[in-house]
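# Geometric and topological summary
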Amino acid sequence: MAQTFNCPNCGGANKYAGAGERQKCAYCGTEISVPAEMASRAAMSKLGMQARPWIILFVIVVFVLPACGTLIGVGAGILGAIAAFIAPFFGN
Ligand SMILES: [Zn+2]
């Protein structure tokens, strides 16, 4: 996504640096304010990037861990059943 906006001083097309609401014009060096829509969109995507690890952690805790717990529970149950079945043959 090419995000450009024109410098009000020289009219040069500036690429948005991706952060903040102000940046220097690449052509004349004037401090220009980034269009609010552009800045807020960048802030939103940054927020999304920061939230991503938490979303992954949430998914792991809610979906993966219970599944693992179930597998371990089933495994332990099967082992227990096998042990209970075999035990009489080895017991005295
Ligand atoms: Zn300029």
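Look up a bit, the structure's there.
All of these numbers come straight from a predicted model, not from anything done at the bench.

Calculation rules
- Residues numbered from 1 in each chain as written.
- Predicted model: local features only at pLDDT ≥ 70, side-chain atom pairs only at ≥ 80, totals over all residues.
- Heavy atoms only, no water.
- Phe/Tyr/Trp six-rings, centres within 6.5 Å; stacked < 30°, edge-to-face > 60°.
- Helix = DSSP H or I, 4+ residues; strand = E, 2+ residues; numbered from the N terminus.
- Buried < 20%, exposed > 50% of the residue type's maximum accessible area, 1.4 Å probe, protein only.
- Expected span 1.5 Å × (residues − 1).
- Bend = angle between axes of the 7 residues up to and from the residue.
- Contact = heavy atoms within 4.5 Å.
- Salt bridge = Lys/Arg side-chain N within 4 Å of Asp/Glu carboxyl O.
- Polar contact = N/O pair within 3.5 Å; in protein donor to acceptor, adjacent residues only side chain to side chain.

## A short note on the packing of aromatic side chains
On inspection of all chains with the given rule, the structure shows one aromatic pair. Measuring from centroid to centroid gives 6.0 Å for phenylalanine 85 and phenylalanine 89, while their planes differ by 65°, and the two rings are edge-to-face. Taken as a pair, phenylalanine 85 and phenylalanine 89 lie in helix α1 (residues 36-90) at a separation of four residues, close to a single helical turn. Residue phenylalanine 89 is classed as exposed on the basis of its relative accessible area of 64%.

## A look at α1
The end-to-end C-alpha distance of α1, which contains 55 residues, comes to 78 Å, matching closely the 81 Å that a straight helix rising 1.5 Å per residue would cover. At alanine 51, α1 shows its largest bend, some 35°, and a proline, proline 53, comes one to four positions later. Turning to α1, its buried residues are Met38, Ala39 and Ala42. Against the buried residues of α1 lie β1 (4-6).

## Observations regarding the pattern of salt bridges
This model, assessed by the stated rule, comprises two salt bridges. Between glutamate 31 and arginine 22 there is a salt bridge, with its nearest N and O atoms 3.8 Å apart. Relative accessible area serves as the criterion here: at 43%, glutamate 31 is assigned to the partly exposed category. A residue is classified by how much of its surface remains accessible, and arginine 22, at 48% relative accessible area, is partly exposed. With its nearest N and O atoms 2.5 Å apart, the salt bridge here joins glutamate 37 to arginine 41.

## What to know about the side chain of glutamine 23
Tracing the backbone through its elements, the reader meets glutamine 23 in strand β3 (residues 22-24). In this structure glutamine 23 comes out as buried when scored by relative accessible area, which is 11%. A polar side-chain atom of glutamine 23 sits 2.9 Å from the main-chain amide nitrogen of alanine 17. Leave out the neighbours within four places in its chain, and glutamine 23 touches Phe5, Asn14, Lys15, Tyr16, Ala17, Thr30, Glu31, Ile32 and Val34.

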